[in-house]
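Chains, contacts and geometry: an overview
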Amino acid sequence: EVHQDEFGHLFNSILINVTSFFRDAEAFDYLRTTIVPKVIGASTDGDIRIWSAGCASGEECYSVAILFAEAMGPEPFRERVKIYATDVDEEALVTARQAAYTDRHVEDVPEDLRTKYFDRQNGRWIFKKDLRRSVIFGRHDLLDDAPISRVDLLLCRNTLMYFNHEAQAKIVRRFHFALREGGYLVLGKAEMLLNFVGAFVPMDLKQRV
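Residues numbered from 1 in each chain as written. Predicted model: local features only at pLDDT ≥ 70, side-chain atom pairs only at ≥ 80, totals over all residues. Heavy atoms only, no water.

Structural notes on the side chain of S20
- Its location among the elements puts S20 in the loop between α1 (4-18) and α2 (25-43).
- Among the residues examined, S20 registers a relative accessible area of 19% and is labelled buried.
- Ignoring sequence-local partners within four residues, the contact set of S20 consists of E59 and D108. (Helix = DSSP H or I, 4+ residues; strand = E, 2+ residues; numbered from the N terminus. Buried < 20%, exposed > 50% of the residue type's maximum accessible area, 1.4 Å probe, protein only. Contact = heavy atoms within 4.5 Å.)

Some details on the packing of aromatic side chains
- Overall, the coordinates contain eight aromatic pairs when judged by the stated rule.
- Consider the rings of F21 and F118, whose centres lie 5.5 Å apart with planes at 80°: the pair is edge-to-face. Taken together, the positions of F21 in the loop between α1 and α2 and F118 in strand β4 (residues 118-121) put the pair 97 residues apart, joining distant regions of the chain. Each member of the pair, F21 as well as F118, carries the same accessibility label: buried.
- Between Y62 and Y101, the aromatic rings sit 6.3 Å apart at their centres with planes inclined by 75°, giving edge-to-face as the arrangement. With Y62 in helix α3 (residues 59-72) and Y101 in strand β3 (residues 100-101), the pair connects residues that are 39 residues apart, well separated along the chain.
- Chaining the aromatic ring pairs together yields one cluster made of F21, Y62, Y101, F118, F127 and F137.
- Between the NZ or CZ atom of R114 and the centre of the ring of W125, over which it lies, the distance is 5.6 Å. (Phe/Tyr/Trp six-rings, centres within 6.5 Å; stacked < 30°, edge-to-face > 60°. Lys NZ or Arg CZ within 6 Å of the ring centre and 35° of its normal.)

With respect to the packing of α2 against α3
- Here α2 crosses α3 at 60°, and the two axes come no closer than 10 Å. In this view, α2 runs oblique relative to α3, as classed from their interaxial angle. Crossing angle aside, the handedness with which α2 passes α3 is right-handed. Residue-level contacts link F28, L31, R32, V36, V39 and I40 of α2 to E60, S63, V64, L67, F68, A71 and M72 of α3.
- Class assignment of the residues belonging to the contact of α2 with α3 gives a composition of ten nonpolar, one polar and two charged. (Axes fitted to C-alpha atoms, helices over the stretch in contact; angles between N-to-C directions. Parallel < 35°, antiparallel > 145°, perpendicular 65-115°, else oblique. Left-handed = near helix turned anticlockwise from the far one by under 90°. Nonpolar A, V, L, I, M, F, W, Y, C, P; charged D, E, K, R; others polar.)

Digging into α2
- Along its 19 residues, α2 runs 26 Å from first to last C-alpha, staying within 8% of the 27 Å computed at 1.5 Å per residue.
- At R32, α2 is deflected by roughly 40°, the largest bend along its length.
- Packed against the buried residues of α2 are β1 (48-53), α3, α4 (74-80), β7 (151-156) and β8 (179-187).
- Phi turns positive one or two residues past the end of α2, at T44, with a value near 45°. (Expected span 1.5 Å × (residues − 1). Bend = angle between axes of the 7 residues up to and from the residue.)

Here's the deal with the pattern of salt bridges
- Applying the stated rule across the entire model yields ten salt bridges.
- By sharing partners, the salt bridges in this structure join E75, R78 and D130 into a single network. (Salt bridge = Lys/Arg side-chain N within 4 Å of Asp/Glu carboxyl O.)

Concerning the sheet that holds β7
- The strand order across the open sheet formed by five strands is β6-β2-β1-β7-β8, and the pairing between neighbours is parallel. Each having just a single partner strand, β6 (135-139) and β8 make up the two edges of the open sheet. Direction aside, the axes of adjacent strands within the sheet are offset by 20° on average.
- Sheet topology note: the strand β2 (residues 81-87)/β6 ladder contains five bridges and is parallel. Its bridge partner lying in β6, T86 is registered against G138.
- In the packing of α3 onto the sheet, contacts are made with β1, β2, β6 and β7, and the angle to β1 comes to roughly 155°.
- On the sheet, helix α5 (residues 90-98) packs against β2 and β6 and is oriented at approximately 165° with respect to β6. (Pairing = 2+ DSSP bridges.)

What follows is the structure, encoded as structure tokens:
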């Protein structure tokens, strides 16, 4: 039997090994062309709150930051967007906060975006510090800790599949509470919400939105 904290560390270590910037290019393209404009349009001049649940070593939340900064411009992004990036793995969060990546880690970031959003230091690519202030990292257990509230966009991709059905149901109820009316939940390609038809309206099942 594996203790819950130990199990969390194990499966997050697995996720770290497979995470990357703009992981699943088709999904990120859908976010860029469809979801990001809708979120920005719905918020008018208000704050935009994003939750990356199971952020691992940070590539997903920084990828989302790039999408919004590109769509809004860097200054409005800094003023209006808050990205809450959470995980149970403290080691992964340390890596995410440092925001320092190797050439291999950023190989899927288009060159123009790489030079625009990263600084090159000591052989590493460092995500821009002024934009990094909009990303708030914290340890969070999806089963035991209270969810982030009033969220416009919630990404939890390829994390639910590591939980049993009962645990998934509990987490999804928390996600439903976390989202604002009209907010968007984005899952991984291997995940579905077949038992929550009344709680969520499918927008694009292929992209799990």
